[in-house]
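An overview of the molecular structure
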Amino acid sequence: MNEPDFLLSWSGVAIASLMILVNVAISIALRLGLAKSILISAARMTIQLALIGLVLGQLFEIGDPVLILALAVTMTLIAGVSAVRRVEHRYRGIYWNALFSVAASAWIVSAIAILLVVRPKVWYDPHVLIPLLGMVLGNSLTAISLGLDRFLEEMKRRRGEIEMLLTLGATRWESCRDTFASAARTAMMPILNTMSVTGLVSLPGMMTGQILGGALPMEAVRYQIMIMFLIAAAIAMGVTAVLGLTFLRVTSPEHRIRWEAMRKT
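This structure is a prediction, so every number in the text was calculated from the model and none was measured.

Here the focus is a nonpolar patch on the surface. There is a patch of nonpolar side chains on the surface, built from I108, I112, L115, L116, V117, W123 and M237 and spanning about 670 Å² of accessible area. The greatest single-element share of the nonpolar patch, amounting to five residues, is contributed by helix α5 (residues 94-118). Its location among the elements puts V117 in helix α5. With relative accessibility at 42%, the residue V117 sits in the partly exposed group.

The next thing to look at is the nonpolar core. Looking at soluble globular proteins, one finds that nonpolar side chains tend to be buried together. L148, F151, L152, M155, V239, L243 and I257 are the most contacted members of the largest nonpolar core, which has 54 residues in total. Listed by contribution, the elements that provide at least two residues to this core are α3 (35-62), α4 (65-85), α5, α6 (126-157), α7 (159-167), α8 (172-197) and α10 (217-250). For this core, the leading source of residues is α6, giving 14 residues. Every residue in contact with V239, bar those within four places of it in the chain, is listed here: A143, I144, A184 and A187.

This brings us to the environment of F60. Its place among the elements puts F60 in helix α3. Between the C-alpha atoms of F60 and H127, which are 67 residues apart in sequence, the distance is 7.1 Å. Apart from the residues within four sequence positions on either side, F60 is in contact with P126 and H127.

It is worth spelling out the environment of L67 at this point. Mapped onto the fold, L67 is located in helix α4. Counting along the chain gives 55 residues from L67 to G12, while the straight-line C-alpha distance between them is 32 Å. Those residues in contact with L67, other than ones at most four positions away along the chain, are L59 and I62.

Even without glycine at this site, R31 takes up a positive phi of about 55°. The class of R31 is exposed, set by a relative accessible area of 77%. Of note in the backbone geometry, R119 takes a positive phi value of approximately 50° without being a glycine. As for its placement among the helices and strands, R119 is situated in the loop between α5 and α6. Given a relative accessible area of 60%, R119 falls into the exposed group.

At a minimum axis distance of 9 Å, the contact between α5 and α6 shows a crossing angle of 145°. Pair α5 / α6 crosses with right-handed handedness. Here α5 contributes I94, A98, S101, V102, S105, A106, W107, S110, A113, I114 and V118 to the contact with α6, which in turn contributes V128, L129, L132, L133, V136, L137, S140, L141, I144, L148 and L152. Class assignment of the residues belonging to the contact of α5 with α6 gives a composition of 18 nonpolar, four polar and no charged.

Thresholds, definitions, all that
- Residues numbered from 1 in each chain as written.
- Predicted model: local features only at pLDDT ≥ 70, side-chain atom pairs only at ≥ 80, totals over all residues.
- Heavy atoms only, no water.
- Patch = residues over 30% accessible without salt bridge, like charges linked within 9 Å, V, L, I, M, F, W, Y side chains within 5 Å.
- Areas by Shrake-Rupley, 256 points an atom, 1.4 Å probe, with all protein chains shown as cover.
- Salt bridge = Lys/Arg side-chain N within 4 Å of Asp/Glu carboxyl O.
- Helix = DSSP H or I, 4+ residues; strand = E, 2+ residues; numbered from the N terminus.
- Buried < 20%, exposed > 50% of the residue type's maximum accessible area, 1.4 Å probe, protein only.
- Core = buried A, V, L, I, M, F, W, Y, C linked by side-chain atoms within 4.5 Å.
- Contact = heavy atoms within 4.5 Å.
- Axes fitted to C-alpha atoms, helices over the stretch in contact; angles between N-to-C directions.
- Left-handed = near helix turned anticlockwise from the far one by under 90°.
- Nonpolar A, V, L, I, M, F, W, Y, C, P; charged D, E, K, R; others polar.

Nothing here speaks to function; it is geometry throughout.
Printed below as a string of structure tokens:
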């Protein structure tokens, strides 16, 4: 790895942070009512990143697998909760289903990457485990949130159509299959769009960060290709799992829909 001939200082970060005022100005000009939320989100992000930077610095020095796993579990729990936060319609058990789907997909994919692809000297190397798991969790929770929201919203919107299919003798799966597929498509589309233009329109964050850090371009490309495939697989697994669990929760073996179980927040 080559050493970069520049170094980003905190004063440079402060200058870059002023760009958020563009968002604030647009919000005020268009009366979007988002100015306060924008500033709060920016402040939270800065504080959270600064804190995780301190925590990771200590973890890298200590290298204790128990502490590393504790951080990984904490990240997973937060991701599970965050996946439900913006879902408008909910049902009892939605948090557990989201947590299971996020955890299962992210941890399985990350384990394969660490044990078979990257293969660090120790599997719990925080330089590998935490950044890798974090990227997979972040993308997986977003897709799961999109899929959940779309599925439950479509179920409510297409209630008449679904009830008619059930009346005509369709099974619970046959009546909900199109809704299930539509939600899965919505959740997977962002990563597919990203993959289709990566390298032509955008240079993803991981690749950009490595190049800025002095890595050779082709080395950064290898890592970026790897992470994109991992993220895509985790999204597919997580979305399918959460939609499947949701389908089982809001329908019954007697082929009826538990409309009363779906409540609007």
